Amino acid sequence: MGQVAWKGLFLSLFDYKTEKYVIAKNKKVGILYRVVQLSILAYLVGWVFVVKKGYQDTDTSLQSSVITKLKGVAFTNTSELGERLWDVADYVIPPQGENVFFVMTNLIVTPNQRQATCPEVGRIELPGPPTPTKLGSVSIPDALCYKDGDCPAGQAVVAGNGVKTGRCLKERDSIRGTCEILAWCPVEKRSKPKKPLLASAENFTVYIKNSIRFPKFKFSKMNVLATDNESYLKSCRYSTEHPYCPIFLLGNIVRWAGSDFHEMALEGGVIGIQIEWNCDLDKAPSECNPHYSFSRLDNKFAEKSISSGYNFRFAKYYRDADGVDYRTLFKAYGIRFDVMVNGKAGKFNIIPTVINIGSGLALMGAGAFFCDLVLLYLIKKSNFYRGKKYEEVKSSSRKSLSSPTLNGNQSPDQLGGL
């Protein structure tokens, strides 16, 4: 028995299989087949070629350069600075005009600081009903002290402004005090600003010049209108009517990002400016246009957080007649703008076209395979159709062609309830 099985397996290696085409007069399977074909065709034409432009070669290695330039002046009158006119050299940091720039909108000034000894925390106003001011160090826990031993000399104050001298300074009737430090004195004010110093900055303008290049296609373009009219950029503002005038009001940028300029100018924030270049190079170069979008990158509800806003410190140094250095410390609040550029270019190429057409034809074959499964295994008379599709032919005998066994010659009526 085993030898017969092995002999049959060995002889089957020399069998040859050829395709047999059977036209099945079954409307349900026929409709299913056409629906599958139309679905694959719609996917290939509609999605692959129309939406995704599968006939194009693409380049996403965008090379980009961004240059920014701000314009605008403001006038302020404060007790620390007196009357002062602010121009771009005062409120724009850094001044080089890069793709990330900061516009100062608020300021805390601590003038005439000199290296000396002073309390880590000065006289502060305690919260609640009006009370006499007291010496305290609630805002800097490491500067809190009850005796001189709490302020070891030479130790830096954690999150503070200087180095401890070994003395604990107290008011007359106070139990708690603050450590004396060696630092730039007087130390910076701890109060937060209540209104923006440069509220008029919303009317300042920023010129964003963006040059891009797609190296694969050697295509270059700029977001500025090519014109000889020198007054164009001095008078235009970005809008749908002037898409190639990249001059924006700061107030509009913040508003398009979904924020209020005056609220944001109080403690600062971060705005993202996105420039998108999606270019179909099968069309004219004039059809390749930049698209701008704006979003707030820091927490939109930043005013509810202790880490709200965006700020940093810088100082301007001077020397008096006695040769002693002193400085004015600035804590600058403002809006940081990040200009981000990305894009993609596409152009007709025969290679991706052929690849996608071949993929579509392969899907057509998969559709036919699916319909074969339905026809041969899932419908009621699948045995009849399976017999018609698969037929064994032996050249040594004609009996197999006229055999009463299931060989595909039976009609559905002969099969009965199969």
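Scroll up for the structure.
Residues numbered from 1 in each chain as written. Predicted model: local features only at pLDDT ≥ 70, side-chain atom pairs only at ≥ 80, totals over all residues. Heavy atoms only, no water.

(A) Representation of the packing of aromatic side chains. Inspection of the entire model under this criterion finds 15 aromatic pairs. Ring geometry for Phe 101 versus Phe 337: centroids 5.1 Å apart, planes at 15°, classification stacked. Taken as a pair, Phe 101 in strand 6 (residues 100-119) and Phe 337 in strand 18 (residues 325-348) lie far apart in primary sequence, 236 residues in all. Judged by relative accessible area, Phe 337 falls into the buried class, the value being 0%. With centroids separated by 5.9 Å and ring planes inclined at 70°, the aromatic side chains of Trp 184 and Tyr 317 adopt a geometry described as edge-to-face. In this pair, Trp 184 is assigned in strand 11 (residues 177-185) and Tyr 317 in strand 17 (residues 311-319), connecting sequence segments 133 residues apart. A relative accessible area of 19% means that Trp 184 is categorised as buried. Taken together through their ring pairs, the aromatic side chains of Phe 102, Tyr 310, Phe 312, Phe 314 and Phe 330 make up a single cluster. The aromatic ring of Trp 86 is capped on one face by Arg 84, whose charged end is 4.3 Å from the ring centroid. (Phe/Tyr/Trp six-rings, centres within 6.5 Å; stacked < 30°, edge-to-face > 60°. Helix = DSSP H or I, 4+ residues; strand = E, 2+ residues; numbered from the N terminus. Buried < 20%, exposed > 50% of the residue type's maximum accessible area, 1.4 Å probe, protein only. Lys NZ or Arg CZ within 6 Å of the ring centre and 35° of its normal.)

(B) Structural context of the state of the cysteines. One pass over the full model with this rule turns up 5 disulfides. Note on cysteine connectivity: Cys 151 is disulfide-linked to Cys 179, with sulfurs 2.0 Å apart. Taking the sign of the S-S torsion, -80° for the link of Cys 151 and Cys 179, the bridge is left-handed. Separated by 28 residues along the polypeptide, Cys 151 in the loop between strand 9 (144-145) and strand 10 (163-169) and Cys 179 in strand 11 bring together distant segments of the chain. Across the disulfide, Cys 279 is cross-linked to Cys 288 (sulfur-sulfur distance 1.8 Å). On the basis of relative accessible area, Cys 279 is assigned to the buried category, the value being 5%. Given a relative accessible area of 2%, Cys 288 falls into the buried group. Numbered in order of appearance, the disulfide-bonded cysteines of the chain are paired 1-6, 2-4, 3-5, 7-8, 9-10. (Disulfide = S-S within 2.5 Å.)

(C) Quick look at helix 7 (residues 350-378). Look at helix 7: 41 Å from first C-alpha to last across 29 residues, which is about the 42 Å you get at 1.5 Å a residue. When we look at burial in helix 7, the residues that qualify are Pro 352, Thr 353, Gly 360, Gly 367, Cys 371, Val 374, Leu 375 and Leu 376. Buried residues in helix 7 make contact with helix 2 (27-51), strand 1 (56-59), strand 18 and helix 8 (382-389). (Expected span 1.5 Å × (residues − 1). Contact = heavy atoms within 4.5 Å.)

(D) Inspection of the environment of Ser 235 at higher detail. Relative to the assigned elements, Ser 235 resides in helix 4 (residues 232-235). Given the relative accessible area of 58%, Ser 235 is considered exposed. For the pair Ser 235 and Ile 247, spaced 12 residues apart in sequence, the C-alpha separation works out to 9.5 Å. From its side chain, Ser 235 meets the backbone oxygen of Ser 231 in a polar contact 3.0 Å long. (Polar contact = N/O pair within 3.5 Å; in protein donor to acceptor, adjacent residues only side chain to side chain.)

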